[in-house]
Amino acid sequence: MGHLPNTLLAFVARFSIAAVFWKSGQTKIEGLAIDIVSGEFTLGWPRLSDNAVFLFKEEYQLPLLPPELGATLAALGEHILPLFILLGLATRLSALGLLGMTLVIQLFVYPDAYATHGTWAAVLLYLMAHGPGQLSIDAWIAKRHPV
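To start, this report covers the structure provided alongside it.

About the cut-offs
- Residue indices follow the written sequence of each chain, beginning from 1 at its first position.
- Reporting in this predicted model follows two pLDDT cut-offs: at least 70 for local features of residues, and 80 or more for side-chain atom pairs to be given and counted; totals over whole chains, interfaces and linings ignore these cut-offs and use all residues.
- As a rule here, side-chain values cover all heavy atoms of the structure and leave hydrogens and water aside.
- Accessibility here uses a 1.4 Å probe with only protein chains present; expressed as a share of the type maximum, an area under 20% marks a residue as buried, one over 50% as exposed, and anything in between as partly exposed.
- A run of H or I in DSSP becomes a helix once it reaches four residues, and a run of E becomes a strand once it reaches two; helices and strands are each numbered from the N terminus.
- Of all possible arcs, the one meant is that of the directions from the helix axis to the C-beta atoms.
- It only takes one pair of heavy atoms within 4.5 Å for two residues to be counted as in contact.
- To estimate how far a helix should reach, multiply one less than its number of residues by 1.5 Å.
- Residues enter a nonpolar core if they are buried and are Ala, Val, Leu, Ile, Met, Phe, Trp, Tyr or Cys, with the set joined through side-chain atoms within 4.5 Å.
- By definition here, a salt bridge exists when the distance from a side-chain nitrogen of Lys or Arg to a carboxyl oxygen of Asp or Glu is within 4 Å.
- We call two N or O atoms a polar contact when they sit within 3.5 Å, provided that within protein one can donate a hydrogen and the other can accept it, with sequence-adjacent residues counted only if both atoms are side-chain atoms.
- Within 6.5 Å between ring centres, the rings of Phe, Tyr and Trp (the latter by its six-membered ring) count as paired, and their orientation is classed by plane angle as stacked under 30 degrees, edge-to-face over 60, tilted in between.

We now examine helix α2 (residues 50-60). For α2, the set of buried residues is A52, V53, F56 and Y60. All buried residues of α2 fall inside an arc of 105° around its axis, so they share one side. Its buried side turned inward, α2 meets β4 (47-48), α3 (67-87) and α4 (91-109). Within two residues after α2, Q61 carries a phi angle of roughly 45°, on the positive side.

Moving on, we come to helix α1 (residues 6-26). Here α1 spans 29 Å end to end across 21 residues, near enough to the 30 Å set by a 1.5 Å rise per residue. Turning to α1, its buried residues are A10, A13, R14, I17, A18, F21, W22, G25 and Q26. Buried-residue contacts for α1 involve β1 (29-30), β2 (33-35), α3, α4 and α5 (114-130).

A separate point is the nonpolar core. Where a protein is soluble and globular, its nonpolar side chains tend to be buried together. Counting 23 residues, the largest nonpolar core has I17, F21, F56, I85, L98, L124 and L127 as the members making the most contacts within it. Secondary structure elements with two or more residues in this core: α1, α2, α3, α4 and α5. Top element by residues in this core is α4. It accounts for six residues. Among residues more than four places away in sequence, those in contact with I85 are R14, I17, T91, S94, A95, L98, L124 and L127.

This part is about the pattern of salt bridges. The full count for this structure, using the stated rule, is four salt bridges. K28 is paired through a salt bridge with E78; the nearest N and O atoms lie 2.8 Å apart. Here K28, found in the loop between α1 and β1, pairs with E78, found in helix α3; they are 50 residues apart in sequence, far enough to count as distant. Both residues of the pair, K28 and E78, belong to the buried class.

Positionally, Q106 belongs in helix α4. Engagement of the side chain of Q106 in a polar contact is seen with the backbone nitrogen of Y114, the distance being 3.4 Å. Discounting residues that sit within four places of it in the chain, Q106 has contacts with P111, A113, Y114 and H117.

Considering all chains together, one arrives at three aromatic pairs under this definition. Here F56 and Y60 contribute two aromatic rings whose centre-to-centre distance is 4.8 Å and whose plane-to-plane angle is 80°, an arrangement assigned as edge-to-face. One end of the pair, F56, and the other, Y60, are both in helix α2, four residues apart, so they sit about a helical turn from each other. Of the two residues examined, F56 and Y60, each falls in the buried class. Members of the aromatic cluster, connected to one another through ring pairs, are F56, Y60 and Y110.

Residue position: D35 is located in strand β2. Owing to a relative accessible area of 16%, D35 belongs among the buried residues under this scheme. At 2.8 Å, the side chain of D35 and the side chain of K23 are in polar contact. Excluding residues within four positions of it along the chain, D35 makes contact with K23, E40 and F41.

For the rest of this paragraph, the subject is the environment of A52. Within the secondary structure layout, A52 lies in helix α2. Distance from A52 to G25, taken between C-alpha atoms, is 9.6 Å for residues 27 residues apart in sequence. If near-sequence neighbours (up to four positions away) are discounted, A52 is found in contact with K28 and A71.

Here it is as structure tokens:
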């Protein structure tokens, strides 16, 4: 098992963690639905769902953040950062952003879900430590512009 290539492990990690956050982000918007596994495609202009704002007002109640802003930032982060991670673009920085979201969720929203959040954190920390592997835009850029 020690000979498994980082490129394979990183791709599985990137696809898996991106799917977790993308699917969560999809619950916060209406007008755009993309699920490559189930084959669901509804293309349109995305807008924040009323349910997302309601959850941020009534259930999540993040400190220091208005519910509308929290829901908007979460929906944006759960779409943009997973897309970057899946493509392997700014992978380490995107993983850091999702790790921050994971910490907020763990500390303020679902503190009893530490097993799930710990798994997410482990995958994100792996990507931050080892990078996205060779099947990534980051690797392509690094080959063309060595430091």
